[in-house]
Amino acid sequence: MKAIVCKKYGSPEVLELTEVEKPTPYDHQVLVKIHASSVNYGNLVLMKGEPFLARFAFGLFTPKYSIPGGDIAGRVEAVGKEVKQFQPGDEVFGDLASCGWGGFAEYVSVPESALALKPANISFEEAASVPMAGVTALQALRGKGKIMPGQKVLIHGASGGVGTFAVQIAKALGAEVTGVCSTSNLEILQSLGADHLIDYKKEDFTQTGQRYDLILGVNGNQPISAYKRSLNPNGTFVHVGGSETQMFQAMIKGPWISMTGNKKISTFLQRPNQKDLKDIKELIEARKVKPVIDRSYTLDEIREAFKYFGEGHARGKVVITI
């Protein structure tokens, strides 16, 4: 089968399209013919080996996982004898980050717990954009942020992969949502149902005097003190992504701020979870959430896809068709 192989850390030039052996599913695994995948921040980390601390999980000197790619959508081709949830022909989607990656290929064998039935009302390409970003948004809002109906929620970095899902999920859970993005992306957020829009090129939300019950930091470089100032009493800031300086501030200062006051500052790391994936599926089928795709590339255009994604200006998701 065709697959993208990464044998060393570096720029997108280290990604090679080559022929590898087609996998055979074990008793507890599902063999999926992949129709589409998508690019996430974790894919950049796996390719670059940066930040360096990530190498303790991904391989200190060379990549531990030679075929990158986390998100997939495709059709079940075969199942092991212990598989209970799926059968050949089922359309599925899932996140492979906790079971060896391997999504940038024509086939993959994975545990059934990594998959869910694909939402019936979207394409394979749309479904492939969902798992990692959608579950990240759901877990950050519902799990870490403890979002409640009627709360005022701000999404900083609202037009990217995670952000577009976060805006829609927060609305579906009954929040009043403010989205922060650049001028060119305001129309997208408006179409997704954001109640209020802030153009960060024209206005600093931390200086407006507005206060929020929950702030999701998907992208940004403001100091943690600025986010704290923008929270209501008993409010919560959840760091999902942003500058490394901001991340370390959240990790180091966050616990102290949370212990000594009535505002909480926390960091968050997404964990693949089948139940959360099924919950996203239900939201999509109920038409409360829809994937936003910026660009689509073929497998042999993978380097161009990574270069574009690495620029940090994608509106929604970047998809790879296979």
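Presented here is an overview of the structure given in this document. Per chain, residues are indexed from 1 in the order of the written sequence. Confidence filtering applies because this is a predicted model: local features only for residues at pLDDT of at least 70, side-chain atom pairs given and counted only at 80 or more, and all residues used for totals across whole chains, interfaces and linings. Derived side-chain values reflect all non-hydrogen atoms in the structure, with water molecules and hydrogen atoms excluded from consideration.

## Quick notes on the overall build of the protein
Put simply, DSSP marks the helices as runs of H or I at least four residues long and the strands as runs of E at least two long, and each gets a number from the N terminus on. The number of helices and strands found in the protein is 10 helices and 15 strands. Seen through its principal axes, the protein has C-alpha atoms that stretch 60 × 45 × 40 Å. Within the protein, the proportion of its 322 residues that are buried is 53%. For the protein, long-range pairs separated by at least 24 residues make up 67% of all intrachain contacts whose partners lie at least 6 apart in sequence. Within the structure as shown, the protein displays about 14500 Å² of accessible surface, and the carbon and sulfur contribution to it stands at 51%. Working convention for charge: Lys and Arg count positive, Asp and Glu count negative, and His plus the chain ends are omitted. Charged side chains are reduced to one point each, which is NZ for Lys, CZ for Arg, CG for Asp and CD for Glu. Between the centroid of the 37 positive side chains of the protein and the centroid of its 33 negative side chains there is a distance of 6 Å. Any residue under 20% of the maximum accessible area for its type is buried, any over 50% is exposed, and the rest in between are partly exposed; the area is computed with a 1.4 Å probe on protein chains only. We call two residues in contact whenever any of their non-hydrogen atoms come within 4.5 Å of each other. Method for areas: the Shrake-Rupley scheme with a 1.4 Å probe, in which residue coverage is limited to the protein chains shown.

## As for the packing of aromatic side chains
Classification of ring pairs uses Phe, Tyr and Trp, with its six-membered ring standing for Trp, and accepts pairs whose centres are within 6.5 Å; under 30 degrees between planes counts as stacked, over 60 as edge-to-face, and the remaining range as tilted. Applying the stated criterion across every chain, the model contains 6 aromatic pairs. Geometrically, the ring pair formed by Phe 58 and Trp 101 is edge-to-face, given 6.0 Å between the ring centres and 85° between the ring planes. Of this pair, Phe 58 sits in helix α2 (residues 55-58) while Trp 101 sits in the loop between β5 (91-95) and β6 (107-111); the two residues are 43 residues apart in sequence, bridging distant segments of the chain. Three or more aromatic residues link up through ring pairs in this structure, and these residues are Phe 58, Tyr 65 and Trp 101. Above the plane of the ring of Tyr 107 lies Lys 22, whose end atom (NZ or CZ) is 4.1 Å from the centre. A positively charged side chain is recorded as over a ring if its NZ (Lys) or CZ (Arg) lies within 6 Å of the ring centre. The angle to the ring normal must also be within 35 degrees.

## What to know about the packing of helix α1 (residues 41-48) against helix α10 (residues 302-310)
Packed helices, taken two at a time, are described by the angle their axes make and the gap between the axes. To define axes, lines are fitted to C-alpha atoms, for helices over the stretch in contact only, and angles between the resulting N-to-C directions are given on a 0 to 180 degree scale. Following both chains from N to C, one finds α1 and α10 inclined at 110°, their axes separated by 11 Å at the closest point. Between α1 and α10, the crossing angle belongs to the class labelled roughly perpendicular. Crossing handedness for the pair α1 and α10: left-handed. Of α10, the residues touching α1 (which contributes Tyr 41, Asn 43, Leu 44 and Met 47) are Phe 306, Phe 309 and Gly 310. Throughout this entry, Asp, Glu, Lys and Arg are counted as charged residues, while Ala, Val, Leu, Ile, Met, Phe, Trp, Tyr, Cys and Pro are counted as nonpolar. The remaining residues, Gly among them, count as polar. Looking at the contact of α1 with α10, its residues break down into 5 nonpolar, 2 polar and no charged. Here the angle decides the label: under 35 degrees means roughly parallel, over 145 means roughly antiparallel, 65 to 115 means roughly perpendicular, and every other value means oblique. Should the near helix be turned anticlockwise from the far one by less than a right angle, the crossing is termed left-handed; should it be turned clockwise, right-handed.

## Describing the pairing of strand β11 (residues 212-217)
Of all 6 residues that make up β11, 5 are buried, and the element is covered over most of its length. With 4 bridges joining them, strand β8 (residues 152-156) and β11 adopt parallel strand pairing. By the bridge assignment, Leu 154 is partnered in β11 with Ile 215. Two strands are counted as paired when DSSP detects at least two bridges linking them. Of the pairings in the sheet, the one linking β11 to strand β12 (residues 231-239) comprises 5 bridges and is parallel in character. Among the inter-strand pairings, Leu 214 is bridged to a residue of β12, identified as Thr 236. Handedness of the crossover joining β11 and β12 through helix α7 (residues 224-229): right-handed. By convention, a crossover is right-handed whenever its connection, traced from the first strand over the helix to the second and viewed with the strands pointing away, goes clockwise.

## Quick notes on the pattern of salt bridges
In what follows, salt bridge is the name for a side-chain nitrogen of Lys or Arg lying within 4 Å of a carboxyl oxygen of Asp or Glu. Inspection of every chain in the model, using the stated rule, returns 11 salt bridges. A salt bridge links Glu 13 to Arg 303; the nearest nitrogen and oxygen atoms lie 3.3 Å apart. With Glu 13 in the loop between β1 (2-6) and β2 (15-19) and Arg 303 in helix α10, this residue pair connects regions lying 290 residues apart in the sequence. With relative accessibility at 29%, the residue Arg 303 sits in the partly exposed group. Across the pair Arg 75 and Glu 91 runs a salt bridge whose closest N-O atoms are separated by 2.8 Å. Here the residue Arg 75 occupies a position in strand β4 (residues 71-79), and Glu 91 occupies one in strand β5, the gap between them amounting to 16 residues.

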